[in-house]
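Okay, here's what each chain looks like letter by letter:
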Amino acid sequence: MAEVVLTGLGKAYGDGTRAVTDLNLDIRDGEFLVLVGPSGCGKTTALRMIAGLEQITEGTIRIGEQVVNDVPSRDRDVAMVFQSYALYPHLNVYDNIAFGLTLRKLAKSEIDHRVREVAEVLELTEHLDRKPRNLSGGQRQRVAMGRAIVRAPQAFLMDEPLSNLDAKLRVQMRAQIARIQREIGVTTVYVTHDQTEAMTLGDRVAVMRRGVLQQVGPPQELYDRPVNLFVAGFIGSPGMNLVSARLEENDGRFWVSLNSDALLLPESVLRQRPALRQYVGRDVVVGIRPEDMEDTALADAREGEILHSVADLVEAMGSDVLVHFPVDVPPVVTDDTRELAQDAGTDDLPKTSKGTVLVGRFSPRTRIYEGQPVAAWVDTSRLHFFDPATGSSIWK
Ligand SMILES: Nc1ncnc2c1ncn2[C@@H]1O[C@H](COP(=O)(O)OP(=O)(O)OP(=O)(O)O)[C@@H](O)[C@H]1O
Ligand SMILES: [Mg+2]
């Protein structure tokens, strides 16, 4: 086990493609770090550089005490699990797991001890005699992990190991991977483009965009304090609502004007984000998480906390109700939001003549129906603010 430290890490491919730029990450001993970001942002490239499968262009990689820039892959003592895991079809589970150890000519008793221990952790003990074709997808994936674990590597590198599994199995395996990693405590770098997977698995999550690290921190910190529009829009599902609005000062009070409605900024927000005062009279990007809204009929709403509209779409999810409604302000269109929309597969942003469509996550007790008026209470103490020009979060 060891820490993995990336300093100024960069990669330009031979054809000139810039895949990773100045990546600095300090992955602690035993930590589960998730690298997440849209397709093509450089996750696999970063992981392959750590594994020694890709030449690095700039920077250094240290594993434990050793700078491994010039250490060949097989001597780095890291184990990789990929999305496509090839098991040997003619070998049973036991021999598949033992394969690497047999190659290394370890003593039979030592191999046996390790294989059984790993099989126990992975709940594969009763399947040790089976051939891969007689295993379920999830069991096969666990055998692939077993092969990696049994080597007791310094670090685990996983590149979207669950993306070939169906949705239900993915959720099960996600929980198992988290449990196994905690049990064996091996430093793990896990790559995914799925933000839910990132949030549920990572001790810390590192969000990348176009080869550049945007933010790294515990999942809740990324969710509550995204540093920019990109992270704000990427983390969370349904995503954070983003609207352009004008910040106005009136009688010493600060208002966010959404044309037909205005939200009153609580003192607490101004204390947390003093730099907001500099935006008076200008447009800002306002972010509202869906769960920070509620049907006014079910909330204790006061002046300056309500948005009025008509419900476009009402989706009953059981545990809550997603209410879609337009507000009379233009949608936020920046480089970030364009890329996020593309990544989500909705390459054109909602350009409705009615303005921007917001999504509120209301209690299932709401009685709002499609085509009916909506009065949405907004928890104004939890609003997010971004600079429209830079996309950076507005704090100090
Ligand atoms: N061998 C290569 N030669 C040239 N460019 C490459 C090569 N491999 C990857 N790239 C480019 O480098 C960038 C980063 O690719 P990478 O595979 O690291 O992204 P990723 O985040 O893993 O994406 P995905 O989520 O689709 O797996 C992309 O623009 C990609 O097209
Ligand atoms: Mg990849």
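Residues numbered from 1 in each chain as written. Chains lettered and ligands numbered in written order. Predicted model: local features only at pLDDT ≥ 70, side-chain atom pairs only at ≥ 80, totals over all residues. Heavy atoms only, no water.

1. Some details on the domain arrangement of the chain
For the record, the criterion: As used throughout, domain bounds are those supplied by an automatic or database domain assignment. What makes two residues a contact is simply this: any of their non-hydrogen atoms within 4.5 Å. Joining two parts hides part of their accessible area as seen by a 1.4 Å probe, and the buried area is that hidden amount summed over both. Only one rule defines a salt bridge in this text: a Lys or Arg side-chain nitrogen within 4 Å of an Asp or Glu carboxyl oxygen. Any pair of nitrogen or oxygen atoms within 3.5 Å is treated as a polar contact; in protein, a donor-acceptor pairing is required on top of that, and neighbouring residues in sequence qualify only through side-chain atoms on both sides.
Annotation of the chain at the domain level lists domain 1 (4-228) and domain 2 (234-386). The C-alpha-based centres of domain 1 and domain 2 are spaced at 38 Å. Contacts between the two partners involve 15 residues from domain 1, matched on the other side by 14 residues from domain 2. In total, about 1,300 Å² of surface goes out of reach between domain 1 and domain 2, with carbon and sulfur atoms giving 54% of it. For the pair domain 1 and domain 2, the interface holds five salt bridges. The closest approach of N and O atoms between Arg209 and Asp336, which form a salt bridge, is 3.2 Å. Counting across the interface, domain 1 meets domain 2 through seven residue pairs in polar contact (both at pLDDT 80 or more).

2. Observations regarding the layout of surface pockets
Here is the rule: A cavity, in this analysis, means grid points on a 1 Å lattice covering only the protein atoms where a 1.4 Å probe fits yet has no way out; a pocket is instead an open set bounded by protein on both sides within 12 Å along at least five of seven lines, and a residue lines either one if it has an atom within 4 Å of a point. Grid points are joined across faces, edges and corners, and a volume is the space filled by probe spheres set on the points. Labels follow the DSSP assignment, with helices taken as runs of H or I lasting at least four residues and strands as runs of E lasting at least two, numbered in each case from the N terminus. Each residue receives one of three labels: charged for Asp, Glu, Lys and Arg, nonpolar for Ala, Val, Leu, Ile, Met, Phe, Trp, Tyr, Cys and Pro, and polar for the others, Gly being one of them.
Volume-wise, the second largest pocket comes out at about 470 Å³. Val78, Ala79, Met80, Phe82 and Arg151 are, among the 18 residues lining the second largest pocket, the residues nearest its centre. Mapped onto the lining of the second largest pocket, the elements with two or more residues apiece are strand S6 (78-81) and helix H4 (137-149). If one sorts the elements of the lining of the second largest pocket by residue count, S6 sits on top with four residues. Here the residues of the lining of the second largest pocket are counted per class, giving eleven nonpolar, two polar and five charged.

3. Let's talk about the packing of aromatic side chains
The condition is simple: The pairing test for Phe, Tyr and Trp rings, Trp by its six-membered ring, is centres within 6.5 Å, and the orientation test on the planes gives stacked under 30 degrees, edge-to-face over 60, and tilted for anything in between. Classification of residues uses two cut-offs on accessible area relative to the type maximum, computed with a 1.4 Å probe and protein chains only: under 20% is buried, over 50% is exposed, and between them is partly exposed.
In total, this model carries three aromatic pairs according to the counting rule given. On the basis of an interplanar angle of 35° and a centroid distance of 4.4 Å, the ring pair of Tyr88 and Phe99 is categorised as tilted. Taken as a pair, Tyr88 in the loop between S6 and helix H2 (93-103) and Phe99 in helix H2 lie far apart in primary sequence, eleven residues in all. Looking at Tyr88, the relative accessible area reads 30%, which means it is partly exposed. On the basis of relative accessible area, Phe99 is assigned to the partly exposed category, the value being 29%. Aromatic pair Phe230 and Phe234: ring centres 5.9 Å apart, planes at 10°, arrangement stacked. Placement of the pair is Phe230 and Phe234 together in helix H8 (residues 229-234), with a separation of four residues, close to one helical turn. The same class applies to Phe230 and to Phe234, which are both buried.

4. Observations concerning the sheet that holds strand S20 (residues 373-378)
In sheet architecture, strand pairing relies on hydrogen bonds along the backbone and comes in two forms, parallel and antiparallel. To keep things clear, this is the line we draw: Strand pairing is defined by DSSP finding a minimum of two bridges between the two strands. Here an angle of 0 to 180 degrees is reported between the N-to-C directions of two axes, which are lines fitted to C-alpha atoms, with helices fitted over the stretch in contact.
Here three strands make up an open sheet; going across it, the order is S15-S20-S16 and the pairing antiparallel. Unpaired on one side and paired on the other, strand S15 (293-295) and strand S16 (306-310) mark the two borders of the sheet. Averaged over all neighbouring strand pairs, the angle between strand axes comes to 35°, with direction disregarded. Bridging between S16 and S20 involves five bridges; their strand directions are antiparallel. In the sheet register, Leu307 faces S20, and the bridge partner there is Ala376.

5. Some words on the pairing of strand S4 (residues 58-63)
Where strand S1 (residues 4-12) and S4 come together, five bridges link them in antiparallel fashion. Within S4, the residue paired with Thr7 across the bridge is Thr60. Relative to strand S5 (residues 66-67), S4 runs antiparallel, the two sharing two bridges. Note on S5: the bridge partner recorded for Ile63 is Gln66.

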